[in-house]
Protein chains: 2
Amino acid sequence: MKPKFPLVAFASILSSQLCVAQNKAPADDWKPAPSNQAGKEYPQFNSEGRVKFRIVAPKAQSVGVSFRDSSDFAKGEDGAWIGYTRPLDEGFHYYTINIDGADVPDPNSHYFYGAGRWGSAVEIPAKDQDFYALKNVPHGQLREVHYLAKSGDTNRHAFIYTPPDYDKDTTKRYPVLYLQHGAGEDETGWGRQGHAGLIMDNLISERKTDPFIIAMEYGGNPFAGPRPTNAAPVAGGATNSTVAGPSGRTFNFSAFEKALLEDFIPFVDANFRTIADQPHRAMAGLSMGGMQTRTITLAHLDTFSHIGVFSGGSIAVTNITDMTAFKEKVKLVFISYGSRELGTNRVGGARGGLGGDPKENVAALKAAGINSVFYESPNTAHEWQSWRRSLREIAPLLFKD
Amino acid sequence: MKPKFPLVAFASILSSQLCVAQNKAPADDWKPAPSNQAGKEYPQFNSEGRVKFRIVAPKAQSVGVSFRDSSDFAKGEDGAWIGYTRPLDEGFHYYTINIDGADVPDPNSHYFYGAGRWGSAVEIPAKDQDFYALKNVPHGQLREVHYLAKSGDTNRHAFIYTPPDYDKDTTKRYPVLYLQHGAGEDETGWGRQGHAGLIMDNLISERKTDPFIIAMEYGGNPFAGPRPTNAAPVAGGATNSTVAGPSGRTFNFSAFEKALLEDFIPFVDANFRTIADQPHRAMAGLSMGGMQTRTITLAHLDTFSHIGVFSGGSIAVTNITDMTAFKEKVKLVFISYGSRELGTNRVGGARGGLGGDPKENVAALKAAGINSVFYESPNTAHEWQSWRRSLREIAPLLFKD
């Protein structure tokens, strides 16, 4: 399952404008990326959003990077190869270095789980990065837990975010948001590249949201085992594009549904001070996690009251079998997309096969009397910057009486 | 700071026996290493403790690995290079792949922080791996925390292990072990490759130790910034060998001492249900962390009652300025080494410059009436298997009245 270039169709749409950008010399205001390992000067980003790499490979014949439309890498006299990307969207991007045909992590970057592997990613600081910055505010904890899944007699692994004052007043109980990653990602994503903890710490310190617990489990990998040869490639600049796209692939979420309802929720309710009822339980997810959220919440309206789908489709009025029950039980439907996913010509975009146009669906839900919100992340695609912002937007809307 | 081969002197001592081993065909009972990423068949280990690698690099001229005395890698018709190591000690070893002169992580392995970088490591299952296996026992939590360091007005990052029943009875308070990593490592080491949480979960479930909290902070990196050109190399098979060796390098632990005493301990005592007094506070560490433990505890006997030094020197009677006070305040001195560090001819071994022979020192402390224990990890060197075992051995000895 090696990361390759993103959707070819997507690339060709943009190729003309990119060629122009390529011919211009990049702006010479490079700075080390915040995703670098401590002490590493590369990768660097510039004011255009390009990323510059430096790979020491003195005997290599060729060095490259998985971002499409990158410059050719050139070897300097010091044996180091230098190359750079096209202007990228601000935010977080998975990538892979290629050295003489070998796809390897960049030795300079931190590593993240995405695109079906632990590997490199680069962060291009976003103009709104302040909302997930580490600040001098009270911090919650990200807790790594192991527990026995009764339904499968297996050991499972999850992360639980507890808000800043969780251990101060041990009589207080909290609502819970179950928050899911995308395909090719895992339970580490939201706490690591998603910055879920810092987003919550900052929102809580600014009194923009009431504190709640976030529970993050592994939602499965539809690409596990031998990957079908006809599957579209994953990652490069955009992640998991195929999941949200009109690929016609069908996912079966029943194993995760069972694990979530029979194992994970009971574990969280038994081991954390939750308010263990439907009004205080939300589910949200990105991409495949959004599809899971839609499927599982619609089938379990007695379990979840708040629904968040980030870049993973939407809910049409026609998806709701019992509108009276839905209106009574569901307190929020939150749908979001990156703006670059929404164009009518986009492959992998919001119009493709996942329940119809998301804005129209949200408008129809509102008209039907359901508290529904549509959020569009400006100038981002199917990537973590869209999803970090989606969490920032949904959090203040959750668990309001 | 790129990982290279371990100490040359150490290698040459063993070279004759290794050459014999190299000429024999390796045992053909390879199995995927438990340190591999999910779904990856390589690296593999065999019954001799060799590790076999497979690196897809179809256009490369040469592929190698940082373990000394490894076989040459050979390219197959499928473009994948295969090579294997000499027989290694069981346990955990950092390594780096080299492709045409580029030192990169193995795309097949999980990544760990050690040898001054996030990079590859391989686990060769040890015969006694059961003590850190994930079992169906009650589990504690590994909590990632951020906090403001008052002394430096900086944000610091740490991990706290809380035992299984920590959240069940919120009136119970616990002793704390402050547990430090080695040079070139960081606060992730004990929770990740050290398996501190699983070791404690298993010991507690077997009633071999009483539950306590483990607090793990970043102890600094003496190699930060430009590394001195005369510094001995770090990592490869053994990690941080130079730290325990008679290199003559001096470490200055005052910044960490200040952070530990003025920031970290107050943070832990304020945010966790600790028994915040000297009898219930221990400090231990590996390699450089052991040296820090020795330096800091000897200077602060009113803060710590239990002392653990793993592969980082020992405490001689002559190090103790006030024997009466020491005997009154110190309830345990625990010293450990891997057996392969202890030979009289070993460079980087226990006889080198860190307070004299550790067994003799422990015997002298005992004779002086101090509760002292020496532990020798069988058939391991300056590596994590020695330190996992050291934690297993010291835990039952801590906080006994």
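Residues numbered from 1 in each chain as written. Chains lettered and ligands numbered in written order. Predicted model: local features only at pLDDT ≥ 70, side-chain atom pairs only at ≥ 80, totals over all residues. Heavy atoms only, no water.

Undergrad: Any chance you could explain the overall build of chain A here in plain terms?
TA: The helix and strand tally for chain A stands at eight helices and 19 strands. Counting only contacts in chain A whose residues sit at least 6 apart along the sequence, the fraction spanning at least 24 positions is 72%. (Helix = DSSP H or I, 4+ residues; strand = E, 2+ residues; numbered from the N terminus. Contact = heavy atoms within 4.5 Å.)

Undergrad: Would you mind showing me how to read the packing of helix α4 (residues 254-271) of chain A against helix α5 (residues 288-299) of chain A here?
TA: Any two packed helices are characterised by the angle at which their axes cross and by the distance between the axes. Residue and element names in this part refer to chain A. Where α4 meets α5, the axes come as close as 11 Å, and the angle between the chain directions of the two elements is 60°. It follows from the interaxial angle that α4 and α5 lie oblique. Crossing angle aside, the handedness with which α4 passes α5 is right-handed. Between α4 and α5, the contacting residues are Phe256, Glu257 and Leu260 on the first element and Gln292, Ile296 and Ala299 on the second. Taken together, the residues that form the contact of α4 with α5 break down as four nonpolar, one polar and one charged. (Axes fitted to C-alpha atoms, helices over the stretch in contact; angles between N-to-C directions. Parallel < 35°, antiparallel > 145°, perpendicular 65-115°, else oblique. Left-handed = near helix turned anticlockwise from the far one by under 90°. Nonpolar A, V, L, I, M, F, W, Y, C, P; charged D, E, K, R; others polar.)

Undergrad: In this structure, what is going on with the nonpolar core? I would like to understand it.
TA: Grouped burial of nonpolar side chains is what soluble globular proteins tend to show. One finds A:Val63, A:Ile97, A:Ile99, B:Val63, B:Ile97 and B:Ile99 to be the most contacted residues of the largest nonpolar core, which totals 40 residues. When near neighbours in sequence (up to four residues on either side) are disregarded, A:Ile99 contacts A:Ile55, A:Ala57, A:Ala60, A:Ser62, A:Val63, A:Val104, B:Ile99, B:Ala102 and B:Val104. (Core = buried A, V, L, I, M, F, W, Y, C linked by side-chain atoms within 4.5 Å. Buried < 20%, exposed > 50% of the residue type's maximum accessible area, 1.4 Å probe, protein only.)

Undergrad: How should the relation of the copies chain A and chain B be read in this particular structure?
TA: The two chain copies are connected by a rotation around an axis plus a translation along it. Turning chain A through 180° and shifting it by 0.0 Å along the axis lays it on chain B, with an RMSD of 0.0 Å. Considering both components of the superposition, the chain copies are consistent with a two-fold axis. Considering only C-alpha atoms, the part of chain A nearest the rotation axis is A:Arg143, at 2.2 Å. Take the interface residues of chain A: 100% of them recur as interface residues in chain B, which is what a same-surface contact looks like. (Least-squares fit on C-alpha atoms with pLDDT ≥ 70 in both.)

Undergrad: Got a minute to help me understand the pairing of strand β3 (residues 51-56) of chain B in this structure?
TA: Within a regular strand, side chains alternate between the sheet's two faces. Residue and element names in this part refer to chain B. Pairing of strand β2 (residues 44-45) with β3, which is carried by two bridges, proceeds in the antiparallel orientation. In the strand pairing of β3, Gln44 is matched with Lys52. Hairpin remark: β2 followed by β3, antiparallel, with five residues in the connecting loop; positive phi at Gly49, about 85°. Taken together, the five bridges between β3 and strand β6 (residues 80-84) define a ladder with antiparallel strand orientation. Pairing of Lys52 across the sheet is with Tyr84, part of β6. (Pairing = 2+ DSSP bridges.)

Undergrad: Please explain the interface of chain A and chain B as it appears in this structure.
TA: Accessible area lost upon the coming together of the parts serves often as the stated size of an interface. Each partner contributes to the interface: chain A provides 42 residues, whereas chain B provides 42 residues. In total, about 3500 Å² of surface goes out of reach between chain A and chain B, with carbon and sulfur atoms giving 53% of it. It is A:Asp100, A:Trp118 and A:His146 in chain A that bury the most area against chain B; as a group they hold 15% of the surface buried on that side. Our count for the contact surface shared by chain A and chain B stands at two salt bridges. Residues A:Arg143 and B:Asp167 are paired through a salt bridge, measuring 3.1 Å at the closest nitrogen-oxygen approach. The interface formed by chain A and chain B includes 16 residue pairs in polar contact (both at pLDDT 80 or more). Those elements giving two or more residues to the side of chain A that touches chain B turn out to be β9 (102-104), β11 (117-124), β12 (141-149) and α4 of chain A. Ranked by residues supplied to the side of chain A that touches chain B, first place goes to β12(A) with eight residues. Residue classes in the side of chain A that touches chain B are distributed as 18 nonpolar, 14 polar and 10 charged. In this structure, β12(A) lies alongside strand β12 (residues 141-149) of chain B, joined through three bridges in antiparallel fashion. By the bridge assignment, A:Leu142 is partnered in β12(B) with B:Glu144. (Buried area = accessible area lost by both parts, 1.4 Å probe. Salt bridge = Lys/Arg side-chain N within 4 Å of Asp/Glu carboxyl O. Polar contact = N/O pair within 3.5 Å; in protein donor to acceptor, adjacent residues only side chain to side chain.)

Undergrad: Help me understand the side chain of A:Asp201 in this model?
TA: All names here are of chain A. Residue position: Asp201 is located in helix α2 (residues 196-205). This buried residue, Asp201, is left without a salt bridge; Lys135 holds the nearest opposite charge, at 11 Å. At 2.6 Å, the side chain of Asp201 forms a polar contact with the side chain of Tyr161. Leave out the neighbours within four places in its chain, and Asp201 touches Val137, Pro138, His139, Gly140, Tyr161 and Pro164. (Lys, Arg positive; Asp, Glu negative; His and termini not counted.)

Undergrad: Sorry, what's going on with the sheet that holds strand β9 (residues 102-104) of chain B here?
TA: All names here are of chain B. The three strands are arranged β4-β8-β9 in an open sheet whose pairing can be described as antiparallel. One side of each edge strand has no neighbouring strand; the edge strands of this open sheet are β4 (63-65) and β9. Averaged over all pairs of adjacent strands, the angle between strand axes in this sheet comes to 25°, irrespective of strand direction. Pairing between β4 and strand β8 (residues 97-99): three bridges, direction antiparallel. Within β8, the residue paired with Val63 across the bridge is Ile99.

Undergrad: Would you mind going over the environment of B:Ala364 with me for this structure?
TA: All names here are of chain B. Relative to the helices and strands, Ala364 resides in helix α7 (residues 358-367). The partly exposed category is assigned to Ala364, whose relative accessible area is 31%. Taking the C-alpha atoms as reference points, Ala364 and Val317, 47 residues apart in sequence, are found 6.7 Å from one another.

Undergrad: What is the right way to look at the pattern of salt bridges in this model?
TA: Here the idea is simple: oppositely charged side chains can pair when their charged atoms come close. All names here are of chain B. The tally for this structure, following the rule as stated, stands at 42 salt bridges over all chains. Between Lys359 and Glu376 there is a salt bridge, with its nearest N and O atoms 3.1 Å apart. In this pair, Lys359 is assigned in helix α7 and Glu376 in strand β19 (residues 372-377), connecting sequence segments 17 residues apart. On the basis of relative accessibility, which here comes to 33%, the residue Glu376 falls in the partly exposed class.

Undergrad: What's the story with the sheet that holds strand β10 (residues 111-114) of chain A in this structure? I'm lost.
TA: Strand pairing within a sheet occurs via backbone hydrogen bonds; the two strands may be parallel or antiparallel. All names here are of chain A. On the basis of which strands lie adjacent, the open sheet formed by three strands has the order β7-β11-β10 and antiparallel pairing. In the strand order of this sheet, the two ends are held by β7 (91-95) and β10, each with one partner. Going across the sheet, the axis of each strand differs from the next one's by a mean of 55°, ignoring polarity. Here five bridges tie β7 to β11, and the two strands are oriented antiparallel to one another. Residue pairing in the sheet places Gly91 in a bridge with Ile124 of β11.

Undergrad: It is not clear to me how unusual backbone geometry should be interpreted in this structure. Could you clarify?
TA: Glycine aside, residues mostly have negative phi angles, and peptide bonds mostly take the trans form. The step from A:Tyr42 to A:Pro43 runs through a cis peptide bond, and the omega angle for that step is -5°. One can find A:Pro43 in the loop between β1 (31-32) and β2 (44-45). Not every positive phi belongs to a glycine, and B:Asp69 is a case in point at roughly 60°.

Undergrad: Which parts of the structure should I look at to understand α2(A)?
TA: Note on helix geometry: an α-helix contains 3.6 residues per turn, so any two residues three or four positions apart are oriented the same way. All names here are of chain A. Burial of α2 is extensive: nine of the 10 residues sit out of reach of the surface. For α2, the complete set of buried residues consists of Ala196, Gly197, Leu198, Ile199, Met200, Asp201, Asn202, Leu203 and Ile204. Summarising the contacts, the buried residues of α2 are in contact with β13 (154-162), β15 (213-217) and α8 (384-394). Within two residues after α2, Arg207 carries a phi angle of roughly 55°, on the positive side.

Undergrad: Is there a simple way to explain the environment of B:Arg207 in this structure?
TA: Residues and elements named next belong to chain B. Considering the arrangement of structural elements, one finds Arg207 in the loop between α2 (196-205) and β15 (213-217). Classification of Arg207 as exposed rests on a relative accessible area of 78%. It is 55 Å that separates the C-alpha atoms of Arg207 and Gln61, two residues lying 146 residues apart in sequence.

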